[in-house]
Structures are given as C-alpha cells and as structure tokens.
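# Working through the structure, step by step
Chain by chain, the residues:
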Amino acid sequence: MEHLTPWKIAEITNGKYVGSETARNGRVSGAARDNREVKPGNIFVCIKGEHNDGHLFANEAFDAGAVCCLAEKPPAGAKGPYILVESTLSAVKELGAYYRSLFSIPVIGVTGSVGKTSTKEMTAAALGARLNVLKTPANFNNELGVPLTLLALEETHEAAVIEMGISDFGEMGRLAAMARPGICITTNIGYSHLKELGDLKGVLRAKSEVFAYMKPEDCAILNGDDINLRGFDPGIRKITYGLEPGNDYLARNVRSKGTAAVICEIAHGAGSFEANIPAFGSHLAYAALAAAAAAQLLGLTDEEIARGILDYVPAEGRANVIDTGFVTLIDDSYNANPDSMRAALLSLSMLQGRRVAILGDMLNLGKESGELHRDVGRLAFECGIDVLLCCGEEAALIAEGYEAAQGATQGDGSLVLSWDNTREPSPCVAALPSILQKGDNVLVKASHSMKFDEIASAIREQDRGTVLLS
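Just so we're clear, the structure is a prediction, and the values are computed from it rather than from any experiment.

## Topic: the confidence of the model for the protein chain
Residues at a pLDDT of 70 or more form 97% of the protein chain, whose mean pLDDT is 93. Note that residues 464–470 has pLDDT below 50 and, in this model, 21 contacts with residues that lie over four places away or in other chains.

Put into structure tokens, the structure is as follows:
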C-alpha cells in the first residue's frame, strides 16, 4: 500500500513543501490538530480557531514526534518541515479523501438528528466481535474531524465506522465525498439545527445528501419508526429497523434492568437473538438494531453480534450512569434536542425512587423553539418527574410547560425551580445540596454550550463515587 510522505502530501494538497531533502520522504501516519494529542509519525494540522492558533504550537508538535506540519503561514522558528497551503481545513479534507481512497475496507457512515454517537459506538462494538474496527473518536464528526479520523486508518483495519454530523445544507455532501460509505445508518429525522435547516423536510434533505455519494449496490439502514424515513426512497438498497411491526429488524420485549442494562430480542428475516446492552436507556434498543443490521451485512453471526454488543460503552456525557454514593447521576450533558430529551425523560421515568431532571436550553431550534421547550416540560410532567430544575432562558419555558400540565390535571405540586444560566456562581449548583436527597435518580441534560457538564461535576463532587457505566 502507498504511504504518505510530506512530499506526497504537498502534491495532494497543491501545497509548497518547506524543509530538507531527506525529511520530505519521511513516512506520515495519522494526523492531529492538537499538539497535546500528537503521536510520533503524525502530521500536525495548524488550525486557527476562535481561541487558539495552531501555528503557535508547531514546535511542541515537533517535540512530540510530528513528521511535518500543514500550515497557512510559516510557523515561527519551525523545528521541522512544513507544507504551506491556502487553507489547512481545505487541505486536510483533500488529504483525508485521498487517503480514504487507498482502502477497500467497508465504511459504515452514521448520521441522524439523535443517537449518532450511541449508534456509532454500538456498531463498532458489534463489529468488533470479529473485525478490527476504526471508529470516530470523541466528537470528530464534522468537516475537520472526519478527515482526521480517516487519516487514522491503518492496514490492519478491517472496517471503519464514521459518524457524520451536520448543521447546514451541503455539509453532508462534503463529508460523504470524503468518507464514501458503503453502508449508511440514519438514526432519525428530528428537531435539530432548525435555524439553518428550516423544518423536518429540510433536515431530511440535508441528511440524505449522503446517498448521492453511494453506489446502487450500497445499503441505507433507516429507522423505520421515524415517519420521515419510513417511506423514504434513498435510491439504493434499503433496510429498516425499529420497534414497530413491518421493519426488517425488529426489537421485541424491550426491558430495563434499572440503570445497569437494556435487554431486548432482535428479530430479523433469518431468525432472532437476545441482545444484552450494558447501559442505561431503553432507546439504546434502536442503536442495537442498527448495529445488528450493519454487522449482518458484513457477514457476522447473531452470536458474534450479541457478544459484541456486550462490549458497548457509552461515550462521555451521553447517559453515563454514576453512583456518587449519595445519588445515581445520569450524566447526559453532552448535548440535547427535543428528541433526545424525550428519550432521556422516558428512560428516567422507568427508574424506581425519586426522579430529578436538571434541564437546560436546547439551542438552534428556530421559530419553533418556545413551543418545543414547553413540550419537553409537559412530557416531564407526564413522565412523573418529581423535581424539575431548569437553568437557562429557554429552559424557563420547560418549567412553564411542566407547571401548565400540572395545573391542568390538579397535579400534586412537585418541586419546579428555574434560574438564569448566566449568573456566576451557578444558582442551580448552589441549590443542589438543599434539594437532592439520598437515593435520588438525577438526570443532567442540555445543549453542549450550556456547559451542564459542570453541573454534573458538581454533583459528583458532593460525594466521590465510582463510575459504573462510562
């Protein structure tokens, strides 16, 4: 197989190589945009961000073993070779697409409004029972993260699971042009990025750009319970999954073992098997179905898939269950939209004991934002949430929706409090010691920029415990 070198990278990106004759043929393996994550052999991609300029950390990258840098300007006092390009982001996308083309392994793309990361992790776990799998790390699902992930491919990899996240039209096409998936899982079409995409039809149109980059013999794995996907024609082979009859892959008898596991029977055309998902959240049955469909396309048996699912571990900040020694914390603070809020609240409602939901703003919902937040509040009441703590300007509408539903049914006066998220120190955090009781089940969830991970950390610090499922 062809290996990348600084000289070859300059050719691919139409860049200018600056460095010694001997260094230009050094072997490049992998890429990093953070000098603290550089491994020997990497190319360091100098990105100028909102807060930091990667060009200032080029020498730290060389010290960590970087072979060369991809840069828009000469790094000051560079200790090693670099390649000058007009745009490092454009260049790394060209590089990622080229490097992907050198591999003939199956690539599974994962997209959708909710559940992308869980489905990516579940699919990688299922495939891992037999195959050596590369998967998208952390939140590397955008136009920078996808090429960086592709550049991590090695000759030993037998499959890749690539998460693809978007916020506007055209992005999915650019991601698909790099990843070129042969299988694409779409988890659902939900209320996310409506400010840019307009409505659910716009979300579907943006997500489905991927299919223009797939071959007729490739396969779309779609959530058949989603009204927008059920009858959708991707123009290629289609497999559906869900909990409703008529899907190609069907989950039956879905049940929870508290916060420890979700168990279900996965039925498909050739038979069925029991899946034991070692994590919290009944919605994970959907991820297991999608993973099973993808794995069977690649030839894995039911037994292998079931064994692989047992290795599933939720990503950080996504329904991580932590026993603090005082409360059971469900840290789902990484992100939120109406669909994921619904799934989290329904799962919380199944737990025994007092149920506490600490909820924040769901961002980028456009003109429907107010009513969507009120809907979450109404659902929280219907789910029997005992204590609702809302933090944020939009989250105040969640409290409003809860109280309206409670008043309409002459509810029992559960505790509902709401604060402005801009105040320091956080009034929500300050109030927690007087509100939380031993044995509570506490859900923490909001959009990423609300920084609810800090609230989750404050709860953990009240009584240091053991991470059970994270």
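## Notes on the packing of helix α4 (residues 116–127) against helix α10 (residues 284–297)
The contact between α4 and α10 brings their axes to 8 Å, and the two run at 45°. Between α4 and α10, the interaxial angle falls into the category oblique. The two elements α4 and α10 meet at a crossing, and its hand is right-handed. Side by side, α4 and α10 meet where S118, T119, M122, T123, A126 and L127 of the first sit next to L284, A287, A288, A290, A291, A294 and A295 of the second. Across the contact of α4 with α10, the residue classes tally to 10 nonpolar, three polar and no charged.

## Side note on the state of the cysteines
Enumeration over the complete set of coordinates arrives at zero disulfides. Between C184, a cysteine without a disulfide, and C219, which holds the nearest cysteine sulfur, the sulfur-to-sulfur distance is 9.9 Å. Among the residues examined, C184 registers a relative accessible area of 0% and is labelled buried. Free of any disulfide, C264 has its nearest neighbouring cysteine sulfur in C219, separated by 20 Å. By relative accessible area, C264 is classed as buried at 1%.

## Concerning unusual backbone geometry
With a phi close to 55°, H193 is a non-glycine residue in the positive phi region. Along the chain, H193 falls in the loop between β9 (183–186) and α7 (194–197). You will see that A319, though not glycine, has its phi angle at about 55°, which is positive. Residue placement: A319 occurs in the loop between α11 (302–309) and β15 (320–323).

## Some words on empty space enclosed by the protein
Across all of its chains, the model carries one cavity of 30 Å³ or more by this definition. Lining the largest cavity, in full, are F280, H283, A319, I330, D332, A344, S347 and L443. Looking at side-chain class alone, the lining of the largest cavity contains five nonpolar, two polar and one charged residues.

## A closer look at the sheet that holds strand β5 (residues 82–84)
Strand pairing in a sheet relies on backbone hydrogen bonds. The paired strands run either parallel or antiparallel. Judged by pairing direction, the sheet is mixed, and its five strands sit side by side in the order β1-β5-β4-β3-β2 without closing on themselves. Here the strands that pair on one side only, and so sit at the sheet edges, are β1 (16–18) and β2 (31–32). Note that strand β4 (residues 68–71) and β5 share three bridges and pair parallel. Paired with A71 across the strands is L84, a residue of β5. Relative to the sheet, helix α1 (residues 6–13) contacts β1, β3 (43–45), β4 and β5, its axis offset from that of β5 by approximately 10°. Contacts between helix α3 (residues 88–100) and the sheet are confined to β3 and β4, with β4 contributing the most and set at about 120° to the helix.

## Points about the sheet that holds strand β7 (residues 133–135)
In spatial order, the strands read β7-β8-β6-β9-β10-β11-β12-β13-β14; together these nine strands make up an open sheet with mixed pairing. In this open sheet, the two edge strands, each paired with only one partner strand, are β7 and β14 (271–277). The average undirected angle you get between the axes of adjacent strands in this sheet is 20°. With three bridges joining them, β7 and strand β8 (residues 159–163) adopt parallel strand pairing. Looking at the pairing, L134 lines up with A160 of β8.

## Thoughts on the layout of surface pockets
Taken as a whole, the second largest pocket holds about 620 Å³ of empty space. Lining the second largest pocket are 28 residues, and of these G30, A31, N42, L151 and A152 lie nearest its centre. Elements supplying a minimum of two residues to the lining of the second largest pocket: β2, β7 and α5 (145–150). Taken together, the residues that form the lining of the second largest pocket break down as 15 nonpolar, five polar and eight charged.

## Points about a negative patch on the surface
A cluster of acidic residues, E316, E424, D453 and E454, forms a negative patch on the protein surface. By the element assignment, E454 lies in helix α16 (residues 453–462).

## A few points about α10
Residues that lie three or four places apart on an α-helix share one face, since the helix turns once every 3.6 residues. Helix length check: α10, at 14 residues, gives a terminal C-alpha distance of 20 Å against a target of 20 Å (1.5 Å per residue), a fit within 8%. Buried residues dominate α10, accounting for 11 of its 14 residues. Every buried residue of α10 is accounted for by L284, A285, A287, A288, L289, A290, A291, A292, A293, A294 and A295. Once α10 finishes, G299 follows within two positions and takes phi at roughly 95°, a positive value.

Rules behind the numbers
- Residues numbered from 1 in each chain as written.
- Predicted model: local features only at pLDDT ≥ 70, side-chain atom pairs only at ≥ 80, totals over all residues.
- Heavy atoms only, no water.
- pLDDT = per-residue confidence, 0-100.
- Contact = heavy atoms within 4.5 Å.
- Axes fitted to C-alpha atoms, helices over the stretch in contact; angles between N-to-C directions.
- Helix = DSSP H or I, 4+ residues; strand = E, 2+ residues; numbered from the N terminus.
- Parallel < 35°, antiparallel > 145°, perpendicular 65-115°, else oblique.
- Left-handed = near helix turned anticlockwise from the far one by under 90°.
- Nonpolar A, V, L, I, M, F, W, Y, C, P; charged D, E, K, R; others polar.
- Disulfide = S-S within 2.5 Å.
- Buried < 20%, exposed > 50% of the residue type's maximum accessible area, 1.4 Å probe, protein only.
- 1 Å grid on protein atoms, 1.4 Å probe; cavity = no way out; pocket = protein on both sides within 12 Å on 5 of 7 lines; lining within 4 Å.
- Points joined across faces, edges and corners; volume = space filled by probe spheres on them.
- Pairing = 2+ DSSP bridges.
- Patch = residues over 30% accessible without salt bridge, like charges linked within 9 Å, V, L, I, M, F, W, Y side chains within 5 Å.
- Areas by Shrake-Rupley, 256 points an atom, 1.4 Å probe, with all protein chains shown as cover.
- Salt bridge = Lys/Arg side-chain N within 4 Å of Asp/Glu carboxyl O.
- Lys, Arg positive; Asp, Glu negative; His and termini not counted.
- Charge placed at Lys NZ, Arg CZ, Asp CG, Glu CD.
- Expected span 1.5 Å × (residues − 1).

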